[in-house]
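Topology and contacts: notes
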Amino acid sequence: MPNPVIQALLILQDRDLKRLGLEAHLKQVPGDVARVEQKIATEKAAIETARVEMRDLELKKKSLESDIAVASEKLGRYRTQQLSVRKNDEYQALGHEIATTQAQISELEGKELEIMYAIDEAKKKFVAAEAELKANISGHEARIKALREREASLTAELATARADVATARTPVEPLKLRVYDRIAARNMPVVVAIHAAKCGGCHLKVSSDVDSAARGKGVDAAAQLPTCDQCGRIVYWEA
Ligand SMILES: [Zn+2]
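Cut-offs and rules
Starting afresh in each chain, residues are numbered from 1 along the sequence in its written order. In view of the model being predicted, local features appear only for residues whose pLDDT reaches at least 70, and side-chain atom pairs are presented and counted only at 80 or more, with totals across whole chains, interfaces and linings using the full set of residues. As a rule here, side-chain values cover all heavy atoms of the structure and leave hydrogens and water aside. With water excluded from the atoms, a metal site may look incomplete; its donors are any N, O or S atoms within 2.8 Å, or within 3.2 Å for Na, K and Ca. Labels follow the DSSP assignment, with helices taken as runs of H or I lasting at least four residues and strands as runs of E lasting at least two, numbered in each case from the N terminus. Summary of the burial criterion: residues with accessible area below 20% of their type's maximum are buried, those above 50% are exposed, and those between are partly exposed, where the area comes from a 1.4 Å probe applied to protein chains only. Note on geometry: axes are lines fitted to C-alpha atoms, helical ones only across the stretch in contact, with angles between N-to-C directions running from 0 to 180 degrees. Here the angle decides the label: under 35 degrees means roughly parallel, over 145 means roughly antiparallel, 65 to 115 means roughly perpendicular, and every other value means oblique. Throughout, a crossing is termed right-handed when the near helix is turned clockwise from the far one, and left-handed when it is turned anticlockwise from it by less than a right angle. Residues count as neighbours in contact if any of their non-hydrogen atoms are within 4.5 Å of one another. All residues other than Ala, Val, Leu, Ile, Met, Phe, Trp, Tyr, Cys, Pro, Asp, Glu, Lys and Arg, Gly among them, are scored as polar; the first ten of these are nonpolar and the last four charged. Pairing between strands is defined by DSSP: at least two bridges between the two strands are required.

Considering the coordination of the zinc ion
Working reference: metal with six octahedral donors, ideal angles 90 or 180 degrees; metal with four tetrahedral donors, ideal angle 109.5 degrees. Distances from the zinc ion to its protein donors, Cys199 (SG), Cys202 (SG), Cys228 (SG) and Cys231 (SG), fall at 2.2 to 2.3 Å. Along the chain, the residues that donate to the zinc ion are spaced as C-x2-C-x25-C-x2-C. Here Cys231 lies in the loop between helix H4 (208-214) and strand E3 (234-237) and Cys199 lies in strand E2 (residues 198-199), a separation of 32 residues in the sequence. Take Cys199: its relative accessible area is 1%, and that puts it in the buried class. Taking the relative accessible area as the measure of exposure, Cys231 reaches 12% and is therefore buried.

Observations concerning the packing of helix H1 (residues 4-84) against helix H3 (residues 174-184)
At a minimum axis distance of 12 Å, the contact between H1 and H3 shows a crossing angle of 45 degrees. Relative to H3, H1 is oriented oblique. Along this stretch, H1 crosses H3, giving a crossing that reads as right-handed. Only Lys176, Leu177 and Tyr180 of H3 make contact with H1, whose side of the interface consists of Val5, Leu9, Leu12, Gln13 and Asp16. Classifying every residue of the contact of H1 with H3 gives five nonpolar, one polar and two charged.

Describing the pairing of strand E1 (residues 191-195)
Most of E1 sits out of view: four of its five residues are buried. Relative to E3, E1 runs parallel, the two sharing four bridges. Of the residues in E3, the one forming a bridge with Val191 is Ile234. Examined bridge by bridge, E1 and E2 share two bridges and lie antiparallel to one another. Across the sheet, the residue bridging to Ile194 is Cys199, located in E2.

Following this line, the structure appears as structure tokens:
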């Protein structure tokens, strides 16, 4: 059975480890929430991209339609003019203009068909992106809600754990608490058992002086805490 000082430190360490575990879990929550929010944002962005694509295509379609209207009007004018010309070369020149304009119109109509097809595709993408968000959003929201609940319960647990740590610190005298805190700041666990003359923290061999002190021989282990020569942790001997 370790001496009372070590026993008190072991209790403190146990509660400190619990506190640290809760703090580590709590620290992860905001990142987990942010990842879910990022997923929602990505899905919303996909909808927005499809929406913008659709709008751009609609604008292109409108502009093509107006080009076609202008060309058709021109075509009509040429045809009317052709009816009233008397000279053969003028007639032929208009015939050439008519043919060119007709070719222009059919090219524009071909483009319009392509755009209409692209609009259909963009609509499908938009509908799919919307469906994906709709299908996932309740899951995303439930996940965020669960994470928030976890955050709240961890916060409550942490408050209790901190109070428990404070209670466990009370019986330890200030000088030993300072030693404990100094080690705890860089090396958890602080208090480790020696097995076969090896430190339970760094697993390196301790000197025979430390080993004897941990066994309660020579120096008063309760007055002076034996520490590992290698890692500086407080060591105790366990039968
Ligand atoms: Zn060690």
